[in-house]
Amino acid sequence: MSDAPRRAVFLDRDGTICEEMGYMNHISRLRVFPFAAAAIRRMNEAGLPVVVLTNQSGVGRKYFPESLVEVVHEKMAAELASGGAHVDAIYYCPHKGIDNCECRKPRPGMLERAAREHNLALEGSFFVSDRYEDLSMMYTAGGRGILVLTGYGRGEYEWCRGEWPRQPDYVAEDLSVAAEIITKEMA
Ligand SMILES: [Mg+2]
Ligand SMILES: [Zn+2]
């Protein structure tokens, strides 16, 4: 493990790769965005590690079993694969906010674990999300952030940006545009 840590792209799941559906409590609610596979493939082809970090508190709330999270991720991976794309790892937090775990975003537990387990550098890396709090977490870790306007993004940007201490480094219509920005910035 003497190789230098690599810069990476961290992606939120709901509202970024697939439609924000509220609790994804059934596999039938998974709607991978039609542009997601091509966007992620573009980052794959640029040689960038792509890691997904998602909060799934519905598990901790007992709205659905943890096994469903795996099923959703298998289906998502299959849909991405049919578009020639893959993600290198997926981490999820199954806890509720009041559990006070270290992994629930915007706490940095999953980000730090992913960096450790995959030898990734956070500095210079990107987080792409429809929620500002994910970008804020990434800024604290020394990385950069892109807000996508899918999912909660458009509303967050319209109603909340006045409160943000650091604006998104980029605001992108969707993951496809974000991938364009990232592959240019990280070339
Ligand atoms: Mg989201
Ligand atoms: Zn957690």
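Criteria and thresholds
Residues numbered from 1 in each chain as written. Chains lettered and ligands numbered in written order. Predicted model: local features only at pLDDT ≥ 70, side-chain atom pairs only at ≥ 80, totals over all residues. Heavy atoms only, no water. Donors = N, O, S within 2.8 Å, 3.2 Å for Na, K, Ca; no water. Helix = DSSP H or I, 4+ residues; strand = E, 2+ residues; numbered from the N terminus. Buried < 20%, exposed > 50% of the residue type's maximum accessible area, 1.4 Å probe, protein only. Pairing = 2+ DSSP bridges. Axes fitted to C-alpha atoms, helices over the stretch in contact; angles between N-to-C directions. Contact = heavy atoms within 4.5 Å. Tetrahedral: all angles 85-135°; square planar, octahedral: opposite > 155°, others 65-115°. 1 Å grid on protein atoms, 1.4 Å probe; cavity = no way out; pocket = protein on both sides within 12 Å on 5 of 7 lines; lining within 4 Å. Points joined across faces, edges and corners; volume = space filled by probe spheres on them. Nonpolar A, V, L, I, M, F, W, Y, C, P; charged D, E, K, R; others polar. Core = buried A, V, L, I, M, F, W, Y, C linked by side-chain atoms within 4.5 Å.

> Give a description of the coordination of the magnesium ion (ligand 1) that names residues and reports values.
Binding of the magnesium ion (ligand 1) to the protein goes through Asp 12 (OD), Asp 14 (O) and Asp 130 (OD), at separations of 2.1 Å. Counting along the primary sequence, the residues that act as donors to the magnesium ion (ligand 1) give the motif D-x1-D-x115-D. Remark: Asp 130 occurs in the loop between β4 (120-129) and α5 (132-140) and Asp 12 occurs in the loop between β1 (6-11) and α1 (36-45); sequence separation between them is 118 residues. Summarising the burial analysis for this pair, Asp 12 and Asp 130 share the class buried.

> Could you give an account of the sheet that holds strand β6 (residues 170-172), naming the residues involved and the relevant values?
Strand order in the open sheet formed by 6 strands is β3-β2-β1-β4-β5-β6, with parallel pairing between adjacent strands. The two strands at the open ends of the sheet, each matched to only one other strand, are β3 (89-93) and β6. In this sheet, adjacent strand axes meet at a mean angle of 25 degrees when their direction is disregarded. Strands in contact with helix α3 (residues 66-82) are β2 (50-55) and β3; relative to β3, the strand with the most contacts, it is inclined by about 150 degrees. In the packing of helix α4 (residues 109-118) onto the sheet, the strands contacted are β1, β2, β3 and β4, and the crossing angle to β3 comes to about 150 degrees.

> Which residues make up the environment of Gly 142, and what are the values?
Secondary-structure assignment places Gly 142 in the loop between α5 and β5 (144-148). When the C-alpha positions of Gly 142 and Pro 165 are compared, they lie 15 Å apart, and in sequence the two are 23 residues distant. Setting aside chain neighbours within four positions, we find Gly 142 in contact with Leu 122, Glu 123 and Gly 124.

> Which residues make up the coordination of the zinc ion (ligand 2), and what values go with them?
Ligation of the zinc ion (ligand 2) by protein atoms is provided by Cys 93 (SG), His 95 (ND1), Cys 101 (SG) and Cys 103 (SG), these donors lying 2.0 to 2.3 Å from the ion. Every donor counted, the 4 donor atoms about the zinc ion (ligand 2) form angles of 101 to 118 degrees at the centre, which fits tetrahedral coordination. Summarised as a motif, the one-chain spacing of the donors to the zinc ion (ligand 2) is C-x1-H-x5-C-x1-C. Relative accessible area serves as the criterion here: at 28%, His 95 is assigned to the partly exposed category.

> Give me the layout of surface pockets: which residues, what numbers.
Taken as a whole, the largest pocket spans an internal volume of roughly 430 Å³. At the level of elements, β2, α2 (57-60) and α5 are the ones that each hand at least two residues to the lining of the largest pocket. Residues that form the lining of the largest pocket fall into these classes: 3 nonpolar, 6 polar and 9 charged.

> Could you give an account of the nonpolar core, with specific residues and numbers?
Residues Leu 11, Ile 40, Met 43 and Leu 175 are the most contacted members of the largest nonpolar core, which totals 37 residues. Sorting the residues of this core by element identifies β1, α1, β2, α3, β4, β5 and α7 (175-185) as the ones contributing at least two each.

These values are about where atoms sit, not about what they do.
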